[in-house]
Amino acid sequence: MTKSHDVSVQDFNDEDSNVSSNPTFESVLNARLSRRNILRGSIGSMATAVLGTSVLSACGGGNDEPAPGPVPQFTPIEKLSFAAVAKSLEDKVTVPVGYTASVIYALGDPLRAATADYKNDGTDADFENRAGDHHDGMEWFGLGADGKASLTSVDRGLLAMNHEATTDEKLSSFFLHADGGKSTLPRPAAEVDKEVNIHGISVVEVKKAADGKWSYTKDSAFNFRLTPWSDVELSGPLRGHALAKTKYSPTAVKTRGTINNCGTGKSPWGSFLTGEENWVGYFARGAADDAARGDKSVVALKRYSSVQGGASRHGWETAGTEDKYQRFNNSKTGASADGSDDYRNELNTFGYIVEIDAYDKTKAAKKRSALGRFAHESAVFGKAEAGKPLAVYMGDDSRGEYIYKFVSEAVWDAADASPASRIAAGDKYLDKGKLYVAKFNADGKGQWIELAMSNTAIAAYAAYKFADQADICVNTRLAADAVGATKMDRPEWCSVNPKNGEVYYALTNNSARRVDATGSQVTVDSANPRAYSDVHKAKSSPQLGNSHGHILRLKEDAAGAAATGFSWDVYLFGAEADASTSNINLSNLTGDQDFSSPDGLAFSPSTGICWIQTDDGAYTDVTNCMMLAGLPGAVGDGAKKTLSYTKADGSKLDVDTYVGKAPAADTLKRFLVGSIACEITGLAETPDGKALFVNIQHPGETTAMANIANPSKYTSQWPSNAGYGAGKRPRSATIVITKNDGGRIGS
Ligand code: FEO
Ligand code: CA
Ligand code: CA
């Protein structure tokens, strides 16, 4: 997430729309108290490797030949031998002694020969042919020397990545404009055209030269951008449905673009998956739109934080009368009964996992509506086993939102690891299946509850009358409310441990978690057991809630992907090392291990390292955001711990939680600290585990727009101060990390 510069306006990255009366296990706990009286690293690609199939086929242009050479093996690292990186507030990226981090691809870098080098002074244009902003989730797609897809290539590949958002203040993405841009409405079309185009995704070729140095290939024919104005098809239950009819697509088969893409995923058939996260904020609705609609869509819009009369993040809808701007106005303005003459239904076409063929820019991207609609983060496959359905794990990143799983109707056919068409394989596995939401119990167990009309809690839900499965897929949060899912501390990325198939979720933080919850706050429960006070030197008052977050993991019952029950514990509780080990630093983190607000989370398919990346606002008085390497054990390797709270009325509240085994000095270490005001995100790796690609997002985002003409007042000048590119304006960028002795990262 990024900051909101102006506290008087909504923070479009930090929404809080779950006002459902779900008990968050308060009732579970109360029941228990009265009785006493009181679980991407793209496992998809990993699975392909394990299966030893003929691997991914080519297909830079539809070629089906299997890639030559051996399939890379999973060779787990047993201990971390590098020296931990110290916490730091310096404006640079620090990696361990013996490692090198190099910038290779930053905001504005040209993606074709005809596009000029980035001047980085606010005069650049042509952003649909440049790297976007706020590099986020990222996946590796190998390319052989023959220019075809390869599972084994370690020196040439494609990076497919998200460009989540942009550094902004009062509407304007100010680093993109020479004078900082116009921060009042209406917004100029010339500024809006830049701002829209720096969103979406990019695919860029990277390669390693004979001297071992990595760079991106400016004129590669593989390079492409998909922006919020690109055509994207609707797929699954939503396709052709009344809920998706718009002026742009009266037959409800397509929409334009993808936006605010955060986490990613890679399918077992080799496609790129990207999650649409805080998309709502880019759209506006008129002040009287609720009454104009007068139907159940108002309930749905509110549940997704679309408020009538609310300002949009950038005011793009005010840039002109052209349809490409007007689509950002989601008011009911037309006379039609079905919305085919306006954009009242436009929001129903955002909030999905989008599937893209990174190797082939001519293939239409598809929004996979069967996987539900929410503030998506990563989409990570469980182990692909022949003859069994595939599970896709997902989270909804807003305070008090839920954890989900999709289980395919089709069973896995290993031949699909080298499909004739990746998008057609996606049609097979991702358009039909069951969508589940997680409920975590106080006994360390949990249930996956199916979101379907056959569930009477959904069919009879009083707050919203569901019409059909498409309605559930579009209004997933409401369906999850109806079945009493567990409100979590903002589920960010998830990943699957290649060692044992357990599923890890980063729960980044939750400022609304309380012992005595009122209003939209949520009460502590077993899976989200901490509420405490955290001091930040730059803030006038302590921050309440769960400021540091935790990493939860779950183990499916015997049925595996299709299981409807699981057991869980907490791998790590984020904390400052000097915090109390009785109620905050429950994982006994040392100064070499302490962190706050885990966000990116990805297991290496090569080394098995669990990479943990932070997007933090609670420990930034002490250190910039960071990345840690972990070698976790398994669910149940720790112990039950009871946290005892005293409520305001003097009564006691005991919460049982399950704390994973405390990490040893060589099983959890800080590996990287980023530049000032950045978050660390995105992780991709060559199959030999020797090159690690990481994104440094929004360095210098705390810069005030008023200082645009004064580089000495930018809070960060990275990466220009690392010798990369022109100008002083900070830029989001991809770095590559290698070990100086040529070894595997982390070994
Ligand atoms: Fe884009 Fe939830 O982080
Ligand atoms: Ca994130
Ligand atoms: Ca703090």
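Residues numbered from 1 in each chain as written. Chains lettered and ligands numbered in written order. Predicted model: local features only at pLDDT ≥ 70, side-chain atom pairs only at ≥ 80, totals over all residues. Heavy atoms only, no water.

The helix and strand tally for the chain stands at 10 helices and 34 strands. For the chain, the spread of C-alpha atoms along the three principal axes comes to 75 × 65 × 60 Å. When each of the 747 residues of the chain is scored for burial, the buried share is 64%. Here the chain displays about 23600 Å² of accessible surface, and carbon together with sulfur accounts for 53% of that area. (Helix = DSSP H or I, 4+ residues; strand = E, 2+ residues; numbered from the N terminus. Buried < 20%, exposed > 50% of the residue type's maximum accessible area, 1.4 Å probe, protein only. Areas by Shrake-Rupley, 256 points an atom, 1.4 Å probe, with all protein chains shown as cover.)

Among the residues of helix 3 (residues 189-197), those classed as buried are Glu191, Val192, Lys194, Glu195, Val196 and Asn197. Of the surrounding secondary structure, the elements contacted by the buried residues of helix 3 are strand 6 (224-226) and helix 6 (323-326). (Contact = heavy atoms within 4.5 Å.)

Right, let's get into the coordination of the calcium ion (ligand 3). On the protein side, the calcium ion (ligand 3) has Asp534 (OD), Asp534 (OD), Val535 (O), Glu576 (OE) and Ala618 (O) as donor atoms, found 2.1 to 2.8 Å from it. On the accessibility criterion, Asp534 (5% relative accessible area) is buried. (Donors = N, O, S within 2.8 Å, 3.2 Å for Na, K, Ca; no water.)

Using the criterion set out here, one finds 33 aromatic pairs in the structure. With 6.4 Å between their ring centres and 85 degrees between their planes, Phe82 and Tyr99 make a pair best called edge-to-face. In this pair, Phe82 sits in the loop between helix 2 (43-51) and strand 1 (99-106) while Tyr99 sits in strand 1, placing the two residues 17 residues apart along the sequence. With respect to class, Phe82 is no different from Tyr99; both count as buried. (Phe/Tyr/Trp six-rings, centres within 6.5 Å; stacked < 30°, edge-to-face > 60°.)

The next point concerns the coordination of the calcium ion (ligand 2). At 2.5 to 3.2 Å from the calcium ion (ligand 2) lie its protein donor atoms, namely Cys262 (SG), Glu492 (OE), Asp599 (OD) and Asp599 (OD). Sequence spacing among the residues donating to the calcium ion (ligand 2) works out to C-x229-E-x106-D. One end of the pair, Glu492, is in strand 18 (residues 491-496); the other, Asp599, is in strand 26 (residues 598-603), and 107 residues separate them in sequence. Across this residue pair, the class does not change: Glu492 and Asp599 are buried.

Let us now look at the pairing of strand 32 (residues 679-685). Consecutive side chains of a regular strand alternate in pointing toward one face of the sheet and then the other. Most of strand 32 is tucked away: 7 of the 7 residues are buried. Both strand 32 and strand 33 (residues 691-697) contribute to a ladder of 6 bridges, which runs antiparallel. The residue of strand 33 that forms the bridge with Ile680 is Ile696. (Pairing = 2+ DSSP bridges.)

Overall, the coordinates contain 46 salt bridges when judged by the stated rule. Glu401 is the partner of Arg477 in a salt bridge, and the nearest nitrogen-oxygen pair spans 3.6 Å. Within this pair, whereas Arg477 is found in helix 10 (residues 476-482), its partner Glu401 is found in the loop between strand 14 (389-396) and strand 15 (403-411), the two being separated by 76 residues in sequence. The residues Arg477 and Glu401 share a single accessibility class, namely buried. Overlapping salt bridges bring together Arg285, Asp289, Asp290, Arg293 and Lys302 as one network. (Salt bridge = Lys/Arg side-chain N within 4 Å of Asp/Glu carboxyl O.)

With that settled, the discussion passes to the sheet that holds strand 31 (residues 668-673). Taken in spatial order, the 4 strands line up as 26-27-28-31 in an open sheet, and their pairing is antiparallel. One side of each edge strand has no neighbouring strand; the edge strands of this open sheet are strand 26 and strand 31. Each neighbouring strand pair of the sheet contributes to a mean axis angle of 25 degrees, computed without reference to strand direction. Pairing of strand 27 (residues 610-614) with strand 28 (residues 626-630) involves 4 bridges; the strand directions are antiparallel. Across the sheet, the residue bridging to Gln613 is Met627, located in strand 28. (Axes fitted to C-alpha atoms, helices over the stretch in contact; angles between N-to-C directions.)

This brings us to the sheet that holds strand 11 (residues 353-356). The strands that make up a sheet are held in pairs by hydrogen bonds between backbone atoms, and each pair lies either parallel or antiparallel. Read from one edge of the open sheet, 6 strands run 8-7-12-11-10-9, paired in mixed fashion. Where the open sheet ends on each side, the last strands, each with one partner, are strand 8 (254-256) and strand 9 (261-266). Averaged over all neighbouring strand pairs, the angle between strand axes comes to 30 degrees, with direction disregarded. On top of the sheet, helix 7 (residues 422-430) reaches strand 7 (231-235), strand 10 (272-276), strand 11 and strand 12 (365-368); it is set at about 10 degrees to strand 12, its chief contact.

Mapping Ser88 onto the fold places it in the loop between helix 2 and strand 1. Distance from Ser88 to Leu243, taken between C-alpha atoms, is 49 Å for residues 155 residues apart in sequence. Beyond its immediate stretch of four places on either side in the chain, Ser88 contacts Val622, Thr623, Asn624 and Val673. Looking at Ser88, its side chain comes within polar contact range of the main-chain nitrogen of Glu90, at 3.0 Å. (Polar contact = N/O pair within 3.5 Å; in protein donor to acceptor, adjacent residues only side chain to side chain.)

Mean pLDDT over the chain stands at 92; residues scoring 70 or higher make up 90%. Averaged pLDDT values for the elements of the chain fall to 33 in helix 1 (residues 26-37) and rise to 99 in strand 11. A low-confidence stretch, residues 2-9 (pLDDT under 50), is modelled with 21 contacts involving residues beyond four sequence positions or located in other chains. Across residues 23-71 the pLDDT falls below 50, and counting only partners more than four positions away or on other chains, this stretch makes 133 contacts in the model. (pLDDT = per-residue confidence, 0-100.)

Covered by surrounding structure in strand 12 are Ala365 and Lys367 together with Lys366 and Arg368, the residues of both alternating faces. Where strand 7 lies against strand 12, 4 bridges are found, and the strand directions are parallel. Of the residues in strand 12, the one forming a bridge with Ser235 is Arg368. Direction of pairing for strand 11 relative to strand 12: antiparallel, over a ladder of 3 bridges. Each residue of the ladder has a partner; that of Glu355, found in strand 12, is Lys366.

All right, on to the nonpolar core then. Core analysis: the biggest nonpolar cluster contains 45 residues, and Leu159, Phe671, Phe693 and Ile737 have the highest contact counts within it. Listed in part, the 36 residues of the second largest apolar core include Tyr402, Tyr404, Leu435 and Ile458. (Core = buried A, V, L, I, M, F, W, Y, C linked by side-chain atoms within 4.5 Å.)

Let's shift gears to unusual backbone geometry. Cis rather than trans, the peptide bond between Leu185 and Pro186 has omega equal to -5 degrees. Topologically, Pro186 is positioned in the loop between strand 3 (156-163) and helix 3. One non-glycine residue, Leu171, lies in the positive phi region at around 80 degrees. With respect to the helices and strands, Leu171 occurs in the loop between strand 3 and helix 3. Located in the positive-phi region is Arg490, a residue other than glycine, with phi close to 60 degrees. Of the residues examined, Arg490 reaches a relative accessible area of 2% and is grouped as buried.

Moving on: the side chain of Asn441. Position of Asn441 relative to the elements: it lies in the loop between strand 16 (433-440) and strand 17 (445-450). Within the structure, the side chain of Asn441 is placed 3.2 Å from the side chain of Gln447, a separation counted as a polar contact.

Before going further, it helps to spend a moment on the state of the cysteines. Inspection of the entire model under this criterion finds 0 disulfides. As a non-bridged cysteine, Cys610 has Cys494 as the owner of its nearest cysteine sulfur, 12 Å distant. The thiol of Cys678 is unpaired, and the distance to the nearest cysteine sulfur, on Cys625, comes to 5.7 Å. Among the residues examined, Cys678 registers a relative accessible area of 4% and is labelled buried. (Disulfide = S-S within 2.5 Å.)

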